[in-house]
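Residue-level structural notes
Now for the letters of each chain:
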Amino acid sequence: MTANGQQSRTSTARIARKLAVAGTGAALLALPLIGATTASAATPTAVSSVTAYPNNLDGWIRQSLDIMAQQGIPGSYNGIHRNIMRESSGNPNAINNWDSNAAKGTPSKGLLQVIDPTFAAYHVTGTAYDPYDPVANITAACNYAADRYGSIDNVFGAY
């Protein structure tokens, strides 16, 4: 300090330089911490494993194929689609009231025209217990076809 009580320019400049150097050092030390904080904020969140299927023939077949894969039931998209188009033209509410099964009181129902006793015997756990439910109908019918013919892919006519 000078005699009149004021700091000299040299002294003030020296303190400012020390603060600047100390501040720069602190900033350099803080950069890795800031980067780490920012990087951790960019960590991806867990993705849900639930698959959404469209509520149409394509979605029903794909959902059924996923269930079939989990249960070890063979079948392909093309084999399922081919049989659905022959049996019901893709109408999940189709019912056959005129064939021999219907005459006996057990009409064929749903996309793959399954009768109630066959649906009950080949129903796959995890699907609805409803022969008109598209996914349950496809999966039960494919389970039956796998047992009887090796796969729905081997079915080319009424079964």
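Further up the page is the structure itself.
What you see is a predicted model; the values in this text were computed from it and never measured.

Some remarks on the environment of G126
Position of G126 relative to the elements: it lies in the loop between α5 (116-122) and α6 (134-149). For the pair formed by G126 and A136, sequence separation is ten residues and the distance between their alpha carbons is 8.6 Å.

What to know about the pattern of salt bridges
For the structure on display, the rule yields three salt bridges. When the shortest N-O distance is used, the salt bridge between D58 and R62 registers 3.0 Å. Separated by four residues within a single helix, D58 and R62 lie in helix α2 (residues 57-71), roughly one turn from each other.

Comments concerning α2
Compared with the 21 Å implied by 1.5 Å per residue over 15 residues, the 21 Å span of α2 between its first and last C-alpha is a close match. Buried within α2 are the following residues: L57, G59, W60, I61, S64, L65, I67 and M68. On the buried face of α2, the contacting elements are α3 (77-87) and α6. In this structure N56 caps α2, since a side-chain oxygen of it lies 3.2 Å from the backbone nitrogen of D58. Of the residues trailing α2, G72 is marked for its positive phi of about 75 degrees.

Quick word on unusual backbone geometry
A positive phi is found at S89, a non-glycine position, where the angle reads about 55 degrees. Position of S89 among the secondary structure elements: in the loop between α3 and β1 (95-96). Looking at S89, the relative accessible area reads 56%, which means it is exposed. One non-glycine residue, Q113, lies in the positive phi region at around 50 degrees. Turning to its location among the elements, Q113 is positioned in the loop between β2 (108-109) and α5.

The rules behind these values
Residues numbered from 1 in each chain as written. Predicted model: local features only at pLDDT ≥ 70, side-chain atom pairs only at ≥ 80, totals over all residues. Heavy atoms only, no water. Helix = DSSP H or I, 4+ residues; strand = E, 2+ residues; numbered from the N terminus. Salt bridge = Lys/Arg side-chain N within 4 Å of Asp/Glu carboxyl O. Expected span 1.5 Å × (residues − 1). Buried < 20%, exposed > 50% of the residue type's maximum accessible area, 1.4 Å probe, protein only. Contact = heavy atoms within 4.5 Å. Polar contact = N/O pair within 3.5 Å; in protein donor to acceptor, adjacent residues only side chain to side chain.

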